[in-house]
Amino acid sequence: LIPAIVVFVYLASVLYIGIFAFRRSTHRNEAEDYFLAGRSLGVVVFLLSLFGTNMTAFALLGSSGHAFANGIVTYGLMASSSALIVPLSLFFIGTRMWALGKKYGFMTPVQMFRDRWECGHIGTVITVVQAVLLIPYIIIGVMGGGTTMNAISGGRIPFWVGGAIVAMVVMSYVFFGGMRGTAWVNAFQTTLFLLFGTIALGVIGAGMGGFGQAVNELASSPATAALLTRERVSPLYFFSYTFIPLSSICFPHIIIFCLTAERVQHFKKTVILYPLCMLAIWLPAVFLGVTANRAVEVPAIQAKLEARQTLATQSATLSPEQKVELRAKAAGDDILVRLLEHYAPLWLVGLLGAGIMAAVMASDSQILALSTMFTEDIFAFYEGKARFGEAAQVRTGHIFVILITIVAYVIALRWPQSIFDLAVQFAFSGYSALMPLLVGALFWKRSTKWGALAVTLWAAAAVIAVAVFQSVVPVPAPGAEVGFGSLFGQAIVSRTAAGTSVLGFLPVVPMVLISALLMMVVSLLTPKPNEATIRRYF
Amino acid sequence: LLVSKGFLNANRVRIKTMKGLWLALLVVVLYALHQDTWFWRAVQPVVLGFLPVGLFYHVCYTLAVCGVMWLLVKFAWPSHLESGRVNAPRSVAPSPHRPISAEEDAAP
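Residues numbered from 1 in each chain as written. Chains lettered and ligands numbered in written order. Predicted model: local features only at pLDDT ≥ 70, side-chain atom pairs only at ≥ 80, totals over all residues. Heavy atoms only, no water.

Colleague: Explanation requested: the overall build of chain A in the structure shown.
Modeller: Summing up its helical and strand segments, chain A has 26 helices and three strands in all. In terms of overall dimensions, chain A is globule-like: its C-alpha atoms have a radius of gyration of 23 Å, near the 24 Å expected for 538 residues. Along the first, second and third principal axes, the C-alpha set of chain A runs to 70 × 60 × 40 Å. Taking all 538 residues of chain A together, 60% fall into the buried category. Considering only intrachain contacts with a sequence separation of at least 6, the fraction spanning at least 24 residues in chain A is 81%. Accessible surface, chain A: about 19,800 Å² in total, of which carbon and sulfur atoms supply 69%. Charged side chains in chain A number 34 positive and 23 negative. The centres of these two groups are separated by 7 Å. (Helix = DSSP H or I, 4+ residues; strand = E, 2+ residues; numbered from the N terminus. Rg over C-alpha atoms; globule rule 2.2 N^0.38 Å. Buried < 20%, exposed > 50% of the residue type's maximum accessible area, 1.4 Å probe, protein only. Contact = heavy atoms within 4.5 Å. Areas by Shrake-Rupley, 256 points an atom, 1.4 Å probe, with all protein chains shown as cover. Lys, Arg positive; Asp, Glu negative; His and termini not counted. Charge placed at Lys NZ, Arg CZ, Asp CG, Glu CD.)

Colleague: What is the right way to look at unusual backbone geometry in this model?
Modeller: Excluding glycine, residues mostly have negative phi values, and the peptide bonds linking residues are mostly trans. Here the bond from B:Gln44 into B:Pro45 is cis, since omega is -5°, no more than 30 degrees from zero. One non-glycine residue, A:Ala37, lies in positive phi territory at about 50°. The backbone of A:Phe488 shows a phi angle near 50°, a positive value even though the residue is not glycine. Looking at where A:Phe488 falls in the secondary structure, it is placed in the loop between strand S1 (481-487) and strand S2 (490-496). Assessed through its relative accessible area of 83%, A:Phe488 is described here as exposed.

Colleague: So what exactly am I meant to see when it comes to the sheet that holds S1(A) here?
Modeller: All names here are of chain A. Taken together, three strands build an open sheet; the order of strands is S1-S2-S3 and the sheet is antiparallel. Each having just a single partner strand, S1 and strand S3 (499-502) make up the two edges of the open sheet. The mean inter-strand angle of the sheet, taken between neighbouring strand axes irrespective of direction, is 15°. Pairing of S2 with S3, which is carried by four bridges, proceeds in the antiparallel orientation. Paired with Thr496 across the bridge in S3 is Gly499. (Pairing = 2+ DSSP bridges. Axes fitted to C-alpha atoms, helices over the stretch in contact; angles between N-to-C directions.)

Colleague: Please clarify how the interface of chain A and chain B should be interpreted in this entry.
Modeller: By a widely used convention, the size of an interface equals the accessible area lost when the partners come together. Contacts between chain A and chain B engage 57 residues on the former and 49 residues on the latter. Taking both sides of the interface into account, the surface hidden between chain A and chain B amounts to around 4,900 Å²; carbon and sulfur atoms contribute 73%. Where chain A meets chain B, there are one salt bridge. For the salt bridge of A:Arg230 with B:Asp36, the shortest nitrogen-to-oxygen distance reads 2.4 Å. Here chain A and chain B share 11 residue pairs in polar contact (both at pLDDT 80 or more) between them. When residues of the side of chain A that touches chain B are traced back to their parent elements, those giving at least two are helix H5 (73-104), helix H6 (109-116), helix H9 (211-220), helix H11 (235-240), helix H14 (266-291) and helix H26 (531-537) of chain A. When the residues that make up the side of chain A that touches chain B are grouped by side-chain class, the tally is 35 nonpolar, 11 polar and 11 charged. (Buried area = accessible area lost by both parts, 1.4 Å probe. Salt bridge = Lys/Arg side-chain N within 4 Å of Asp/Glu carboxyl O. Polar contact = N/O pair within 3.5 Å; in protein donor to acceptor, adjacent residues only side chain to side chain. Nonpolar A, V, L, I, M, F, W, Y, C, P; charged D, E, K, R; others polar.)

Colleague: Where do I start with the side chain of A:Thr182 in this structure?
Modeller: Residue and element names in this part refer to chain A. Position of Thr182 among the secondary structure elements: in helix H8 (residues 159-207). One polar contact links the side chain of Thr182 to the main-chain carbonyl oxygen of Gly178, over a distance of 2.7 Å. Residues within four places of Thr182 in sequence aside, it is in contact with Ser49, Tyr173, Val174, Asp364, Ser365 and Leu368.

Colleague: What should I look at first to understand the packing of aromatic side chains in this one?
Modeller: To describe a pair of aromatic rings, you give the distance between the ring centres and the angle between the ring planes. Residue and element names in this part refer to chain A. Within this structure, the stated rule accounts for 27 aromatic pairs over all chains. Geometrically, the ring pair formed by Phe251 and Phe428 is edge-to-face, given 5.7 Å between the ring centres and 85° between the ring planes. Here Phe428 lies in helix H22 (residues 417-433) and Phe251 lies in the loop between helix H12 (246-250) and helix H13 (252-257), a separation of 177 residues in the sequence. Clustering of aromatic rings is evident, with ring pairs tying together Tyr137, Phe251, Phe428 and Tyr431. The cationic tip of Arg230 hangs over the ring face of Phe238; the distance from NZ or CZ to the ring centre is 5.4 Å. (Phe/Tyr/Trp six-rings, centres within 6.5 Å; stacked < 30°, edge-to-face > 60°. Lys NZ or Arg CZ within 6 Å of the ring centre and 35° of its normal.)

Colleague: Please clarify how empty space enclosed by the protein should be interpreted in this entry.
Modeller: Regions of empty space are outlined by a rolling probe, equal in size to a water molecule, passed over the atoms. All names here are of chain A. As enumerated under the stated definition, the model contains seven cavities of 30 Å³ or more in all. By volume, the largest cavity amounts to about 60 Å³. Forming the walls of the largest cavity are Pro109, Phe113, Gln130, Ile249, Cys250, Ile255, Leu434, Leu437 and Leu438. In terms of residue class, the lining of the largest cavity is built from eight nonpolar, one polar and no charged. (1 Å grid on protein atoms, 1.4 Å probe; cavity = no way out; pocket = protein on both sides within 12 Å on 5 of 7 lines; lining within 4 Å. Points joined across faces, edges and corners; volume = space filled by probe spheres on them.)

Colleague: So what exactly am I meant to see when it comes to the pattern of salt bridges here?
Modeller: Side-chain pairs of opposite charge can arise whenever the charged atoms involved come near each other. Residues and elements named next belong to chain A. With the rule as written, the count across this model stands at seven salt bridges over all chains. Arg180 is paired through a salt bridge with Asp33; the nearest N and O atoms lie 3.2 Å apart. Placement of Arg180 in helix H8 and of Asp33 in helix H2 (residues 31-36) is noted, with a sequence separation of 147 residues between them. Given the relative accessible area of 12%, Arg180 is considered buried. Residue classification places Asp33 among the buried residues on the basis of a relative accessible area of 8%. As a salt-bridge pair, Glu217 and Arg294 come within 3.2 Å of each other at their nearest N and O atoms. Of the two residues, Glu217 sits in helix H9 while Arg294 sits in the loop between H14 and helix H15 (299-314), which places them 77 residues apart along the sequence. Using a relative accessible area of 29% as the deciding quantity, one classes Glu217 as partly exposed. Note on Arg294: relative accessible area 26%, which makes it partly exposed.

Colleague: What am I meant to see in the pairing of S2(A) here?
Modeller: Successive residues of a regular strand alternate their side chains across the two faces of the sheet. Residues and elements named next belong to chain A. Bridge analysis of S1 against S2 gives six bridges, and the strand direction is antiparallel. The partner of Leu487 across the bridge, within S2, is Gln490. Counting the residues in the hairpin turn of S2 and S3 gives two residues.

Colleague: How should I be thinking about the confidence of the model for chain B in this particular structure?
Modeller: As a note on interpretation, predicted positions should not be read in detail where pLDDT is low. Taken as a whole, chain B shows an average pLDDT of 78; of its residues, 74% reach a score of 70 or greater. In this model, residues 87-108 of chain B is a region of pLDDT below 50 whose contacts with residues beyond four sequence positions or in other chains number 35 contacts. (pLDDT = per-residue confidence, 0-100.)

Colleague: Would you take a moment to explain the state of the cysteines for this structure?
Modeller: Put plainly, a disulfide is one covalent bond tying together the sulfur atoms of two cysteines. With the rule as written, the count across this model stands at zero disulfides over all chains. Here A:Cys250 is not cross-linked by a disulfide; its sulfur's nearest cysteine counterpart is in A:Cys258, at 11 Å. The class for A:Cys250 is buried, based on a relative accessible area of 6%. Considering cysteine sulfurs only, A:Cys277 is the nearest to B:Cys66, which forms no disulfide, with 9.2 Å between them. (Disulfide = S-S within 2.5 Å.)

Colleague: Whenever I open this one, the environment of A:Ile135 confuses me. Can you help?
Modeller: All names here are of chain A. Following the sequence through the fold, Ile135 ends up in helix H7 (residues 121-152). Since its relative accessible area comes to 32%, Ile135 is described here as partly exposed. For the pair Ile135 and Ala183, spaced 48 residues apart in the sequence, the C-alpha separation amounts to 20 Å.

Colleague: Before we go on, may I ask you to explain the packing of H5(A) against H14(A) in this structure?
Modeller: Angle between the axes and distance between the axes: these two values describe a pair of packed helices. Residues and elements named next belong to chain A. At a closest axis distance of 10 Å, the pairing of H5 and H14 adopts a crossing angle of 160°. Classified by the angle their axes make, H5 and H14 are roughly antiparallel. Viewed along their axes, H5 and H14 form a crossing whose handedness is right-handed. Partitioning the contact of H5 with H14 into residue classes produces 18 nonpolar, five polar and no charged. (Parallel < 35°, antiparallel > 145°, perpendicular 65-115°, else oblique. Left-handed = near helix turned anticlockwise from the far one by under 90°.)

Structure, rendered in structure tokens:
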């Protein structure tokens, strides 16, 4: 019960921060104040909050689980590639978007696209695709809240109650505090992440008798030595992952957050320190995930290792249902919680549980971003603001926050999490494929609205195609693949245990390259925007 | 005087372009260094007694990224954005597609 009490104290704190932000707001009926904190965030809150907004439950829980199954490769795949690409995209795109927002009053990327390419309904298509790709994240956040509350309370708090509590807290501070409340809560949560990583590393390391010993034991066993190398993935697969962080700046909640800085100077520290924040969060998470393979004295982890062993050795004789059950048992998303339960004292489990809760509550900025997109790109664009006024627009935003939270909660109760886990994976590739929209709008005079439409439709079609392909073709045994077509002796499209590959690459690579090609070819074939419009941007 | 001013300006532009090219090259090299096939199957040496060399490399890589970002901010910062301007003056007529700020609404 002690850990649950600590988590409740944490939830009360974030609620207070949201309400405090509401009290600090002096222009509550102004859209810019509610949705963008009046473009007034200071440098520390901007850095911590932007980083926290980017770090979802996956950074803490998923990365440990991935490292538990795949080894140290997780850090290179997800952390060091993001440490390079995300600051670069903030440097080149975030700063320009900030300046355009300040100059022309843009509050969403679609407002900029509509102006830059002189279009209306094409902007609506972009908004819809962005929103559809974002919704699974919100649902995953609610599910993560329910699961974590259930685990931390030792099963006393059922999933539906835990999910409802987390959804209510998030909804309340987003509803009252808007962007200001969300940013402050995110800054607070990032501080918790950083503390959490350090404490968890120390406590678990001491409990395991030192990491040196754990690493030596892993290295000396042929079954686990591969976890300390990258031989479980191919170089092409590893390379493909450098395309995934392109999605970061294309996520509406990230690009909208770029508009909240008071001064463009605030990006400087964020760009420089972002890689260090990645290191501080991901290294402990990945390292703990890898070394958990030696924590055989933890019964839950031993059960996972046995399930993994059965899958590897008896895959041919198992029925599909048994395989699904064993995969679920072997999954490592709760590995960090299991390690803490075993090695940390009770009060510390609660504190660290609050840190985990901070990670799973990252859906706040996504809810707010959806609300901003709806009120600005749909309500205001289709004359709602002109007819009913700005106060009605803010009220619409409030109502939308409540509606989207309720819908996410209801879906979270009825549908299995695996569907949304998969949808989130596709969303990364989908957003990466939308990157040519931002690059074309900000850096290429000749880009056109038809090029933008082609990019958007291609991204949506490609995501659907990969999803259908993966649901139609059964998952092969680990290490095997089912190929279709052939080019230079290599299967063009393959179904692997991990997903789909195209000529050995992840689908994100052809998705981004074709998307860029479409932007260029279609733009060159269609009339460019007015010279006066182009002059305002270049 | 005009000729020497022109020469100085041309020189400044050339230095700026060279600096930009070097920084672009640095970023490309850094991107390539992420694909470290040389430590692909190596466990040893275990650095500091607990970090396998493949992981240690990527920790160092992250620190190197931090350094390169500092160089970018120091030498290639888009300072023209600091005034809130992109490239054009504020007086340009607003587009019918973008939101009009209250300040512009009130303008005669």
